[in-house]
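The residues making up each chain are set out below.
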Amino acid sequence: MSKLKLHAVSRADFIAKNYADFQTLLDNRVNPDDIPERFYCGGRGGWTFQTTLALKHYYGDDIECSFGSECRPDAINLMHNDDFGSRVKPWRGFTVVARADRPPVVGADIVVDQNPEVDGHSNRIFVPYWPQPGVKPRVRNDETVKTVAFFGRVDSFPQEYREGDFKQRLAEQGIELRISFDNWTNYQDVDVCISFRKSHDHKLARKPASKLINNWLGKTVMVCDDEPSYRAIRESELDYLIAKNPDEAFDAIMRLKNSPELYRQMREQGEKRLQVYSREAVAARWFALFEDCWRKGLHNRPTLVRALRFGLGKAIRPLTKKF
């Protein structure tokens, strides 16, 4: 089998603004755990360019990577949902489109979803989103609970966890609440992570389980709402404890504080889950997908068939926006 070719596709102005050094990084097979923030803050960079860099790092001897503003007929063309349009000429080659948290994609050869419930549905395939690069995991190996942390965006964290008596109740138990809106990597002295959102609309089903996976990578344990993406990959209570409001969150944290054995079991479960959700595991899943497509020769399908599929998808796309 010839060496597979992967071509990252995005708008020319987006590439020029954010990834002028992309070829140099590819040539150096840069460690994806050391990449700049622009590669993972934002779906277009994360799904397309971070993926390409990671595969070049881990599988550089078996894959040729390139990038540009139009699809290539002799390669597997990887792009974000926002870039899947006539501008990139998707009918020219085989297309793999990351849906991200957008409406459904119609007209692509392969659609990558970040929720495992899609597996086995037509051309839709589940691939987890990349874990946070550069995570510094918890240093202590004991089961004490001294610090609870939230890692995420300021506009998504509910006010009732920042104000009111939630923080005070934790402090009375000798537990610090740390809210980190701009540093998502330092878990070194964190014991428990929490994850809650202001919004609970239907779009939550499109979100990845990133906070849960990053928590496992940080060697901490999670207390969170039972979001669809979390629930979809949950094996047991040891993956995370469910809380629907500050009172339930406090009770769950106290349960962990008062039960070192539960805390230890949840940490061990996190280590086990990383066998599937670590950076290396996600890279292996991507490479297996691309290798299978390449081996089957799917990139050799007739241009006319691709053009008809893309045209149909473009025609019905407005009808999918609410899903």
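Above this text you will find the structure in question.
Each chain carries its own residue numbering, running from 1 in the direction its sequence is written. In view of the model being predicted, local features appear only for residues whose pLDDT reaches at least 70, and side-chain atom pairs are presented and counted only at 80 or more, with totals across whole chains, interfaces and linings using the full set of residues. No hydrogens and no water enter the side-chain calculation; it runs on all heavy atoms of the structure.

S.K.: Please give an account of the sheet that holds strand E5 (residues 110-113) that cites residues and values.
M.R.: Strands in a sheet are paired, the pairing made by backbone hydrogen bonds, and the direction either parallel or antiparallel. Spatially, the six strands line up as an open sheet ordered E2-E1-E3-E4-E5-E6, and their pairing is parallel. Of all the strands in the sheet, just strand E2 (63-68) and strand E6 (124-126) have a single pairing partner and so form its edges. Strand-to-strand twist of the sheet, defined as the mean angle between neighbouring strand axes without regard to direction, takes the value 25 degrees. Lying over the sheet, helix H3 (residues 43-59) contacts strand E1 (4-9), E2, strand E3 (76-80), strand E4 (94-98) and E5, oriented at roughly 140 degrees with respect to E3. Pairing between strands requires that DSSP locate at least two bridges from one strand to the other. Comment: elements are numbered from the N terminus, with helices defined as DSSP H or I runs of at least four residues and strands as E runs of at least two. An axis is simply a line fitted to the C-alpha atoms; with a helix, the fit covers only the stretch in contact. Between two such axes, the angle follows the N-to-C directions and lies from 0 to 180 degrees. Contacts were defined at the residue level, with two residues in contact if any of their heavy atoms lie within 4.5 Å.

S.K.: Go over helix H8 (residues 260-277), please, and point to the residues and values.
M.R.: Every α-helix winds through 3.6 residues per turn, so residues three or four apart in the chain are directed the same way. Every helix has an expected span of 1.5 Å times one less than the residues it contains. Between its first and last C-alpha atoms H8 spans 25 Å; for 18 residues at 1.5 Å apiece the expected length is 26 Å, and the two agree. We call a residue buried when its accessible area falls under 20% of the maximum for its residue type, exposed when it is over 50%, and partly exposed in between, using a 1.4 Å probe and counting protein chains only. Taken together, the buried positions of H8 are Leu262, Tyr263, Met266, Arg267, Gln269, Gly270, Arg273, Leu274 and Tyr277. One face of H8 carries all of its buried residues, which in axial projection span an arc of 165 degrees. Arc, as used here, means the arc of the directions from the helix axis to the C-beta atoms.

S.K.: Give me the pairing of strand E9 (residues 192-195): which residues, what numbers.
M.R.: Neither face of E9 is exposed, since Val192 and Ile194 on one face and Cys193 and Ser195 on the opposite face are all buried. Bridge count between strand E7 (residues 147-151) and E9: two bridges; the pairing is parallel. For alanine 149, the partnering residue across the bridge sits in E9 and is cysteine 193. As judged from the four bridges shared by E9 and strand E10 (residues 221-224), these two strands associate in the parallel manner. The residue bridging isoleucine 194 from the neighbouring strand is valine 223, located in E10.

S.K.: Please provide a residue-by-residue account of the pattern of salt bridges, values included.
M.R.: Oppositely charged side chains can form a pair if their charged atoms are brought close together. A carboxyl oxygen of Asp or Glu within 4 Å of a side-chain nitrogen of Lys or Arg is what we treat as a salt bridge. Considering all chains together, one arrives at 33 salt bridges under this definition. A salt bridge links lysine 5 to aspartate 74, with the nearest nitrogen and oxygen atoms 3.5 Å apart. Linking lysine 5 in strand E1 with aspartate 74 in the loop between E2 and E3, this pair joins segments that are 69 residues apart in sequence. Lysine 5 gets classed as partly exposed once you look at its relative accessible area, which sits at 24%. Between lysine 244 and aspartate 225 there is a salt bridge, with its nearest N and O atoms 2.9 Å apart. With a gap of 19 residues between them, lysine 244 in the loop between strand E11 (241-242) and helix H7 (246-258) and aspartate 225 in the loop between E10 and helix H6 (228-233) connect regions that are remote in the sequence. Since its relative accessible area comes to 9%, aspartate 225 is described here as buried. Linked by salt bridges that have partners in common, Asp82, Asp101, Arg102 and Lys207 make up one network.

S.K.: If you had to explain the nonpolar core to someone new, which residues and values would you point to?
M.R.: By size, the foremost hydrophobic cluster in this structure holds 39 residues, and its most contacted members are Val96, Trp286 and Phe290. With eight residues, the top contributor of residues to this core is helix H9 (residues 279-295). In this structure, Val145, Phe150, Val223 and Ile253 belong to the second largest nonpolar core, which totals 25 residues. In this description, a nonpolar core means a group of buried Ala, Val, Leu, Ile, Met, Phe, Trp, Tyr and Cys residues linked to one another through side-chain atoms lying within 4.5 Å.

S.K.: Summarise the packing of aromatic side chains; cite the residues concerned and give the values.
M.R.: Here the distance between the centres and the angle between the planes together describe a pair of aromatic rings. Each Phe, Tyr or Trp ring, with Trp reduced to its six-membered ring, pairs with another whose centre is within 6.5 Å; inter-plane angles below 30 degrees give stacked pairs, above 60 give edge-to-face pairs, and intermediate values give tilted ones. For the coordinates displayed, the defined rule picks out 20 aromatic pairs. Ring centres of phenylalanine 22 and phenylalanine 49 lie 5.0 Å apart, and the angle between their planes is 90 degrees; on these two criteria the pair is classed as edge-to-face. Placement of the pair is phenylalanine 22 in helix H2 (residues 22-27) and phenylalanine 49 in helix H3, with a sequence separation of 27 residues. Taking relative accessible area as the criterion, phenylalanine 22 reaches 0% and is therefore assigned buried. Residue classification places phenylalanine 49 among the buried residues on the basis of a relative accessible area of 0%. Measuring from centroid to centroid gives 4.9 Å for tryptophan 47 and tyrosine 129, while their planes differ by 55 degrees, and the two rings are tilted. With tryptophan 47 in helix H3 and tyrosine 129 in the loop between E6 and E7, this residue pair connects regions lying 82 residues apart in the sequence. One exposure class covers both tryptophan 47 and tyrosine 129, and it is buried. The rings of Phe14, Tyr19, Phe22, Phe39, Phe49 and Phe67 are connected pair by pair, giving a single aromatic cluster. The ring of phenylalanine 250 is capped by arginine 169, whose NZ or CZ atom sits 3.9 Å from the centre of that ring. Think of it as a cone above the ring: NZ of Lys or CZ of Arg counts as a charge over the ring if it is within 6 Å of the ring centre and within 35 degrees of the ring normal.

S.K.: Report on unusual backbone geometry, specifying residues and quantitative values.
M.R.: Glycine aside, a negative phi is what most residues show, and trans is what most peptide bonds show. Of note, the phi angle at alanine 100 is positive, near 60 degrees, even though the residue is not glycine. Looking at where alanine 100 falls in the secondary structure, it is placed in the loop between E4 and E5.

S.K.: Lay out the side chain of serine 195 in plain terms, naming residues and giving numbers.
M.R.: Within the secondary structure layout, serine 195 lies in strand E9. Of the polar contacts made by the side chain of serine 195, one reaches the side chain of tyrosine 230; its length is 2.8 Å. Setting aside chain neighbours within four positions, we find serine 195 in contact with Phe150, Lys211, Met222, Val223, Cys224, Asp225, Glu227 and Tyr230. Any N or O atom pair separated by 3.5 Å or less is treated as a polar contact, with the protein-specific requirement of one donor-capable and one acceptor-capable atom, and with residues adjacent in sequence counted only for side-chain atom pairs.

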